[in-house]
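Listed here are the chains, written in short residue letters.
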Amino acid sequence: PQLRARLREVTALKATLNSEIEHHKKDREAAKNTMSTATALRSKESKMYLQDSQNQRETLDALTQAITALGRGQEGVFLHTDSASVLRKLSISADMTTRNR
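Residues numbered from 1 in each chain as written. Predicted model: local features only at pLDDT ≥ 70, side-chain atom pairs only at ≥ 80, totals over all residues. Heavy atoms only, no water.

**Looking at the overall build of the chain**
Consideration 1: A tally of helices and strands in the chain yields 3 helices and 0 strands.
Consideration 2: Per-residue burial over the chain gives 10% buried out of 101 residues.
Consideration 3: Element-wise, carbon and sulfur atoms account for 57% of the exposed surface of the chain, whose accessible area totals about 9100 Å². (Helix = DSSP H or I, 4+ residues; strand = E, 2+ residues; numbered from the N terminus. Buried < 20%, exposed > 50% of the residue type's maximum accessible area, 1.4 Å probe, protein only. Areas by Shrake-Rupley, 256 points an atom, 1.4 Å probe, with all protein chains shown as cover.)

**Things to note about the pattern of salt bridges**
Consideration 1: Within this structure, the stated rule accounts for 2 salt bridges.
Consideration 2: Ionic pairing is found between Lys25 and Glu22, a salt bridge with its closest N-O pair at 3.8 Å. With a gap of 3 residues between them, Lys25 and Glu22 both fall in helix H1 (residues 2-72), about one helical turn apart.
Consideration 3: Accessibility expressed as a relative area gives 42% for Glu22, which makes it partly exposed. (Salt bridge = Lys/Arg side-chain N within 4 Å of Asp/Glu carboxyl O.)

**Things to note about helix H3 (residues 82-93)**
Consideration 1: The end-to-end C-alpha distance of H3, which contains 12 residues, comes to 17 Å, matching closely the 16 Å that a straight helix rising 1.5 Å per residue would cover.
Consideration 2: Of all the residues in H3, the buried ones are Ser83, Ala84, Leu87 and Ser91. Projected down its long axis, H3 shows its buried positions confined to an angular sector of 95 degrees, all on one face. Exposed and facing more than 90 degrees away from the buried side of H3 are Asp82, Lys89, Ile92 and Ser93. (Expected span 1.5 Å × (residues − 1). Arc of directions from axis to C-beta.)

**Quick look at the confidence of the model for the chain**
Low pLDDT means the predicted coordinates in that region are not meant to be read closely.
Consideration 1: Per-residue pLDDT for the chain averages 86, and the proportion of residues at 70 or more is 87%.
Consideration 2: Ranking the helices and strands of the chain by mean pLDDT puts H1 first, with 93, and helix H2 (residues 75-78) last, with 65. (pLDDT = per-residue confidence, 0-100.)

**Considering the side chain of Thr59**
Consideration 1: Positionally, Thr59 belongs in helix H1.
Consideration 2: With residues up to four places along the chain from it excluded, the contact list for Thr59 reads Val86, Leu87 and Leu90. (Contact = heavy atoms within 4.5 Å.)

**Some remarks on H1**
Consideration 1: The end-to-end C-alpha separation of H1 is 101 Å, in line with the 105 Å expected for 71 residues at 1.5 Å each.
Consideration 2: Taken as a whole, H1 has its buried residues at Ser53, Thr59, Ala62, Ala66 and Ala69.
Consideration 3: Once H1 finishes, Gly73 follows within two positions and takes phi at roughly 80 degrees, a positive value.

**Topic: the packing of H1 against H3**
Consideration 1: It is the contact of H1 with H3, at a shortest axis distance of 9 Å, that shows an interaxial angle of 115 degrees. Where H1 crosses over H3, the two elements pack in a sense that is left-handed. The segment H1 lies against H3, with Glu58, Thr59, Ala62, Leu63, Gln65 and Ala66 engaging Ser83, Val86, Leu87 and Leu90.
Consideration 2: A breakdown of the residues in the contact of H1 with H3 according to their chemical character gives 6 nonpolar, 3 polar and 1 charged. (Axes fitted to C-alpha atoms, helices over the stretch in contact; angles between N-to-C directions. Left-handed = near helix turned anticlockwise from the far one by under 90°. Nonpolar A, V, L, I, M, F, W, Y, C, P; charged D, E, K, R; others polar.)

**Quick notes on the environment of Leu90**
Consideration 1: Along the polypeptide, Leu90 turns up in helix H3.
Consideration 2: For the pair formed by Leu90 and Asn55, sequence separation is 35 residues and the distance between their alpha carbons is 9.9 Å.

This is how it looks when you write it as structure tokens:
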């Protein structure tokens, strides 16, 4: 009688543990999928950040050169530089009033 009771107890425990293992396998797979999605999103955001950062650096460099040229009274010379071209493109694409352009 005691052996049979113990056998039923162990069999029930085994079934419970097998069920828990299956549940944990599903949770693990879901976590892997979530991590994969998050990694892909982070990679995409990182690329966008690097592009935006580069554009902002170029704009800042162009503005710095423009300010320097204007401070020296070299407006005409500056207008023929690559930096002036960057600023022209920025002023056209930026959301600003005509007066501020």
